[in-house]
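# Reading the structure
Residue-level listing of the chains:
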Amino acid sequence: MPDRVRIEGASKSFGELQALKNVSMSVGAGETVVVIGPSGSGKSTLLRAVNRLEVLTSGDIWIDEDHVTNHTSDIRRIREEVGMVFQNFNLFPHLTVLQNLMLAPTCVKKRSKADAEKQAVGLLARVGLSEKKDAWPEQLSGGQKQRVAIARALAMEPKVMLFDEPTSALDPEMVKEVLDVMLDLAREGMTLMVVTHEMGFAKAAAHRVIFMDQGEIIEIGSPADLFERPQNERTKKFLAHIL
Amino acid sequence: MAEVRPLPVRIQVTDGALIPGKGDKTVRASWKIALFGALGLLVFLPLYNMAPVQEFVLSLWAGLFPSPELTARLDLLRSGKYQNIWVDILLYLPDGLAVTFSVTLSSILLATVFGLAAGLGQISRVVLLNRIATVYVEVIRGIPLLVQIFYIYFALGNLFHLDGFFAAVLSMAFCYGAYMGEIFRAGIQAVPVGQMEAALALGLSRSQAIRRIILPQTVKIILPAIGNEFIALLKDSSMVSVMALVDLLRLAKNYGSNHGDYFPPLTVVALVYLVMTLILSWLVALMEERLNQNAR
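Conventions used here
- Residues numbered from 1 in each chain as written.
- Chains lettered and ligands numbered in written order.
- Predicted model: local features only at pLDDT ≥ 70, side-chain atom pairs only at ≥ 80, totals over all residues.
- Heavy atoms only, no water.
- Domains from an automatic or database assignment.
- Contact = heavy atoms within 4.5 Å.
- Buried area = accessible area lost by both parts, 1.4 Å probe.
- Salt bridge = Lys/Arg side-chain N within 4 Å of Asp/Glu carboxyl O.
- Polar contact = N/O pair within 3.5 Å; in protein donor to acceptor, adjacent residues only side chain to side chain.
- Helix = DSSP H or I, 4+ residues; strand = E, 2+ residues; numbered from the N terminus.
- Nonpolar A, V, L, I, M, F, W, Y, C, P; charged D, E, K, R; others polar.
- Axes fitted to C-alpha atoms, helices over the stretch in contact; angles between N-to-C directions.
- Parallel < 35°, antiparallel > 145°, perpendicular 65-115°, else oblique.
- Left-handed = near helix turned anticlockwise from the far one by under 90°.

### Regarding the domain arrangement of chain B
Residues and elements named next belong to chain B. For chain B, the assigned domains are domain 1 (25-87) and domain 2 (89-295). Look at where the C-alpha atoms of domain 1 and domain 2 centre, and you get two points 38 Å apart. Contacts between the two partners involve 13 residues from domain 1 and, on the opposite side, 17 residues from domain 2. When domain 1 packs against domain 2, close to 1,300 Å² is buried across both sides, 80% of that on carbon and sulfur atoms. If you look at where domain 1 meets domain 2, you find zero salt bridges. At the junction of domain 1 with domain 2, the criterion picks out six residue pairs in polar contact (both at pLDDT 80 or more). Looking at the side of domain 1 that touches domain 2, the elements with two or more residues in it are α1 (25-48) and α4 (85-123). Among the elements that take part in the side of domain 1 that touches domain 2, α1 stands out by supplying nine residues, more than any other. Of the residues assigned to the side of domain 1 that touches domain 2, the class counts are twelve nonpolar, one polar and no charged.

Following this line, the structure appears as structure tokens:
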């Protein structure tokens, strides 16, 4: 697999705190990479650096040929191709579900309204929320909100999707409906980089799992290797805590 | 007798009357007393000063405590030359009201423009814009409105020949724009950061995100605060009476000096201001409740 996302020597400090220490990794085209680790391990910071919501202190990130960390790059054009899903959904509360999906395509890609609406309706069907197209975000359950957020990101037809703890804010009974949508995406060959605590998802969908702790990558491996035969003591300790 | 409950501990930054929200019984009670008291006086005083009523009252007093002064006033009443000043003022009022309202409305509209610019400037990442906006807010808030009005009308007005109405609106809007700038800034910052991040992640520019995502949510947050500013501005518009503008206060002052009696016109004008601000604060409370009901 050619690399779609390439991270080289990524470091990030917040004042005294070093959130990322010289992290290098990659995500191949069509690959699903799951990043796990205790809170404060830097995994969200790493993910957010990929579309430059977080600016690195040093290091480089490429998405295909685009140099994300070069400040002369057109970051808006790069972001068009990088979908992001947040822990807290971040749906736009003053827009209906359909308008949430149509905003970026019409506003950024200058697609016609009719065109964008047709696409939005299709995406809502794909995440199983056709009947909610005229609902307001506040009328949706957490799981529904997150599925709308995924559809909203897909509306820009991205070539990479970033998930920042997409199920952490959900009630347990709603986790599955969101993971199912993500699993479908993975199977359809979308490139996914997922920060999550859902080991079930990692086992089912991930090609590789990355364990991070204290701003460093401790171990990278297939789900089978990393979960069943962890090499590093810190990995073992972490897995013992959560499994 | 209704139970007097202490006000809940809530420090409201408001210039106007307390907002009679549903929960605060004490505030609602005092609001009602003030409103109906003021309306009652506005009806009572003109009626009480009608010739037949005055004649009746004065003759009663004259019967009890005869005095030359009372006799003279009774003579005046009976001569038919008596004028009920209280009614007369009410007839004059609409002119002053029109000026007060047009100054207030024009000022609030222009102040909103200044305020939006100042608010956006204060959160701007362009250093120059940021400095201009923050200095504007600091400077204006540090100078009394009355001084600003004098400054624009008399000092600058001499240089640029400003028309009274224009000078009034400009000085009020310039001053209130600074206060509203703070409201806009706070309102923009009250929108969760995730909204901006989500918009940026979708490829929107910062300015697109502010226009399409942040400001529409800001407006809902700040609408009640803007309502309060409107009330405060309505009251402060009385300061433009120092210019050649005949607003409510100036009208009362003119009337008082023409008739040699300031008591009736100033009483009526004070009551009219009170009624207007009480009604407006009730409207703001209604609006707040509406917004809380469908808080999306």
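Having put the structure on the table, let's press on.
### A look at the packing of helix α3 (residues 97-107) of chain A against helix α4 (residues 113-126) of chain A
Residue and element names in this part refer to chain A. Where α3 contacts α4, the axes come no closer than 9 Å and their chain directions differ by 130°. Overall, the two elements α3 and α4 adopt an arrangement that is oblique. The hand of the α3/α4 crossing is right-handed. Contacts between α3 and α4 involve Val97, Leu98, Leu101, Met102, Pro105 and Thr106 from the former and Lys113, Ala116, Glu117, Gln119, Ala120, Val121, Leu123 and Leu124 from the latter.

### Quick word on the interface of chain B and chain A
In this assembly, 18 residues from chain B lie in contact with 25 residues from chain A. Both sides together, the interface formed by chain B and chain A hides about 2,000 Å², and carbon and sulfur atoms give 61% of it. Here A:Arg48 ties to B:Glu197 by a salt bridge, and the two come within 2.7 Å at their closest N and O atoms. Taken together, the links from chain B to chain A amount to seven residue pairs in polar contact (both at pLDDT 80 or more). Contributions of two or more residues to the side of chain B that touches chain A are made by α8 (193-201) and α9 (206-236) of chain B. When residues in the side of chain B that touches chain A are grouped by element, the largest group, seven residues, is from α8(B).

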